[in-house]
Amino acid sequence: MLSTMQDDQLSLANLLRHGSKLYADSEVITWTGGEARRETYGEVGKHSAQLANALRGLGVTGDQRVGTFMWNNAEHLAAYLAIPAMGAVLHTLNIRLFPEQLVFVANHAEDHVVIVDGTLVPLFAKQLPEMKTVRHVIVANGDPASLEAPAGVQVHSYDELVSGQPETFDWPEIDERSAAAMCYTSGTTGDPKGVVYSHRSIWLHSMQVCMTDSMRLDQSDKALVIVPMFHAMSWGMPYAAMMVGASMIMPDRFLQPEPIAQILAAERPTFAGAVPTIWQGLLQHLEANPQDISHLREVVVGGSAAPPAMMHTFEEKYGVPILHAWGMTETSPLGSVARPPASATGQEAWEYRYTQGRFPASVRARLINDAGEEVPWDGESVGELEVKGPWIAASYYGGIEVDPDKFHDGWLRTGDVGKITPDGFLTLTDRAKDVIKSGGEWISSVDLENHVMSHPAVAEAAVIGVPDEKWDERPLVAVVVREGQQVTAEELREYLQDKVAKWQLPEHWSFVDEVPKTSVGKFDKKRLRSAHAEGKLDIRHF
Ligand code: ADP
């Protein structure tokens, strides 16, 4: 029997209409370093229509890709809304990709138009001549004359192109399964891979973001959106905020601790989202420059593990709870959120909050071991996490070659390794490719790193597995010592004695100036492994 319900489409045109009309007074506030620029959602609706008209005028039709090379600001928000709502596909170009990767993704997605922030023109200009399909570049918040156009490319001023356009647009009816936006993963291995979100997946994901057990966004919120709109769709915050009328504060290019502290003081957001390094930087700044930040009812942290010490300082010293969440570009990105069960109190609640979180109803999860078998959710058995759900990727765009097992019976293999409690809380212990396989047992590189990094003299530590004749692999620790401090490998090994099992104690230590990082700032263990293989590390063996 078929249902008798309407099959209305979950489209971003409806989201834009809804947000800009019912929450016409909510605001998007763009930080400029001086006075903030303020725009109401009512105005965002009009500007989005003007942008859509302008893009049509440049010949954007059908599902053509329109790229953005931008910071988080009001113009980027208009692009987030206008491009999918007109039926085209928004491609957020990650400004931190390595140059050859940037050229690769623009060509692979076949971007027709790219909107570029004025301050990013110098970075973009170098790669533009190699972008084969780009015909128009629109410079926002800057001078178009600063960009020299290669043959066949026209450069426009955003303001001139958009102002004077009609403030309404006849938004088309769109099949909810069609592409709305795409985002390439940064590709620590191989080429970047394109994830293409649908109108439906974005809509459902936005509803989840707002739910009480997730970020709990509502119309009374003022959300500081620090997570870049060019990385994993800013964790879905812009669409979610538009859905419920929460105001947004966009930091533009001001992402250092001092301007973040200024934004907090000036705008007093109730909510914020960013990766741990941003908050670590802010904490250091606040040590020297105390400031009340208790207007934040909560901040969400993900992208890499939130260190428990940081969570405690935030809450106990500044009165701001940290909400830990896990996800990836392929999961839109919200996969799990660590809100403890209502019955947990005290340290028990903290233990839940340290985890990567509990899965929402729409995300199914399972753990698969080396033998390809599912392992139980007993809080101990470890396996690779696989997930499935309406906002989880089922493939990559355009036949990028990946490990054929990446999508496994309709499940996404996340490449993350961990354990799950019977009540569905995930704890990640590693990335699959980073697990150290020693004598048939797995050693978590993340665990070792956290223990070493808890030593006061250590600024950073990255652990990789290195070949070992007897055990297959053994851990090697690359340590960056804090400025002005000193510590030896002997002392660090001694420090780990009561923290890890004896057989896990690393016997290879190397002191390095810095841990190599990927374009999005995560430890690049591939480069560390090659440095080791090429004999470039100075190692102290035990
Ligand atoms: P990439 O780093 O490959 O570009 P993403 O930006 O999509 O990919 O990052 C996703 C990955 O980041 C996850 O697979 C996971 O390894 C890591 N990650 C995300 N959130 C957390 C978290 N809360 N704790 C630990 N790791 C996390």
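A.B. asks: I tried to follow the overall build of the protein chain on my own but got confused; where do I start?
C.D. replies: Scanning the protein chain from N- to C-terminus turns up 15 helices and 28 strands. For a compact globule of 542 residues, the expected C-alpha radius of gyration is about 24 Å, and the protein chain comes in at 24 Å, within 12% of that figure. Projecting the C-alpha coordinates of the protein chain onto the three principal axes gives extents of approximately 70 × 55 × 55 Å. A buried classification covers 56% of the 542 residues belonging to the protein chain.

A.B. asks: Can you walk me through the domain arrangement of the protein chain in this structure?
C.D. replies: Interface extent is often summarised as the accessible area lost during association of the parts. Looking at the protein chain, the domain boundaries give domain 1 (12-198) and domain 2 (436-541). Of the residues lining the interface, nine residues belong to domain 1; the matching set on domain 2 comes to six residues. When the two sides are added together, the surface that domain 1 and domain 2 hide from each other amounts to roughly 510 Å², 58% of it contributed by carbon and sulfur. There are zero salt bridges connecting domain 1 and domain 2. Linking domain 1 with domain 2 are zero residue pairs in polar contact (both at pLDDT 80 or more), by the criterion used here.

A.B. asks: Please explain empty space enclosed by the protein as it appears in this structure.
C.D. replies: Any empty space left between atoms is shown by rolling a water-sized probe over those atoms. Applying the stated criterion across every chain, the model contains three cavities of 30 Å³ or more. Taken as a whole, the largest cavity encloses approximately 60 Å³ of empty space. Together, Y197, S201, I202, H205, S206, M233, G236, Y239 and S332 line the largest cavity. It is helix α7 (residues 199-210) that contributes the most residues to the lining of the largest cavity, four residues altogether. Residues belonging to the lining of the largest cavity are distributed by class as follows: four nonpolar, five polar and no charged. Every residue along the wall of the second largest cavity is listed here: Q9, S11, A13, N14, R17, W171, P172, E173 and I174.

A.B. asks: How should I be thinking about the site of the ligand in this particular structure?
C.D. replies: As a structural note, the neighbourhood of the ligand is formed by 16 residues, with S186, A325, T329, D416 and R431 the closest of them. One of the backbone nitrogen or oxygen atoms of A305 is found 3.2 Å away from a nitrogen atom of the ligand. Take H324: an N or O atom from its side chain is 2.8 Å from a nitrogen atom of the ligand. Surface burial for the ligand is 91%, taken as the share of its 570 Å² of free accessible area covered by protein chains. At the level of secondary structure, the elements contributing two or more residues to the shell around the ligand comprise β14 (322-327) and β22 (425-431). In terms of residue count, the dominant contributor to the shell around the ligand is β14 (four residues). Counted by class, the shell around the ligand contains five nonpolar, eight polar and three charged residues.

A.B. asks: Please clarify how the layout of surface pockets should be interpreted in this entry.
C.D. replies: Reported here for the second largest pocket is a volume of approximately 330 Å³. Looking at the second largest pocket, it is lined by 23 residues, and the ones nearest its centre are V196, I392, A393, A394 and S395. Taken together, the elements giving at least two residues each to the lining of the second largest pocket come down to β9 (194-198), β19 (383-388) and β21 (411-420). Element by element, the count of residues in the lining of the second largest pocket is highest for β9, at five residues. Taken together, the residues of the lining of the second largest pocket break down into 14 nonpolar, seven polar and two charged.

A.B. asks: Explanation requested: the pairing of strand β25 (residues 458-468) in the structure shown.
C.D. replies: For a regular strand, the rule is simple: side chains alternate between the two faces of the sheet. As paired elements, β25 and strand β26 (residues 472-481) share 10 bridges and run antiparallel to each other. For I464, the partnering residue across the bridge sits in β26 and is L476. What sits between the antiparallel neighbours β25 and β26 is a turn of three residues.

A.B. asks: So what exactly am I meant to see when it comes to the environment of A305 here?
C.D. replies: Within the secondary structure, A305 sits in the loop between β13 (298-301) and α11 (308-318). A residue is classified by how much of its surface remains accessible, and A305, at 39% relative accessible area, is partly exposed. Taking the C-alpha atoms as reference points, A305 and V139, separated by 166 residues in sequence, lie 36 Å from one another. The residues touching A305, leaving out its near neighbours within four places in the chain, are P276, H324 and Q356.

What counts and how
Residues numbered from 1 in each chain as written. Predicted model: local features only at pLDDT ≥ 70, side-chain atom pairs only at ≥ 80, totals over all residues. Heavy atoms only, no water. Helix = DSSP H or I, 4+ residues; strand = E, 2+ residues; numbered from the N terminus. Rg over C-alpha atoms; globule rule 2.2 N^0.38 Å. Buried < 20%, exposed > 50% of the residue type's maximum accessible area, 1.4 Å probe, protein only. Domains from an automatic or database assignment. Contact = heavy atoms within 4.5 Å. Buried area = accessible area lost by both parts, 1.4 Å probe. Salt bridge = Lys/Arg side-chain N within 4 Å of Asp/Glu carboxyl O. Polar contact = N/O pair within 3.5 Å; in protein donor to acceptor, adjacent residues only side chain to side chain. 1 Å grid on protein atoms, 1.4 Å probe; cavity = no way out; pocket = protein on both sides within 12 Å on 5 of 7 lines; lining within 4 Å. Points joined across faces, edges and corners; volume = space filled by probe spheres on them. Nonpolar A, V, L, I, M, F, W, Y, C, P; charged D, E, K, R; others polar. Near = heavy atom within 4 Å. Areas by Shrake-Rupley, 256 points an atom, 1.4 Å probe, with all protein chains shown as cover. Pairing = 2+ DSSP bridges.

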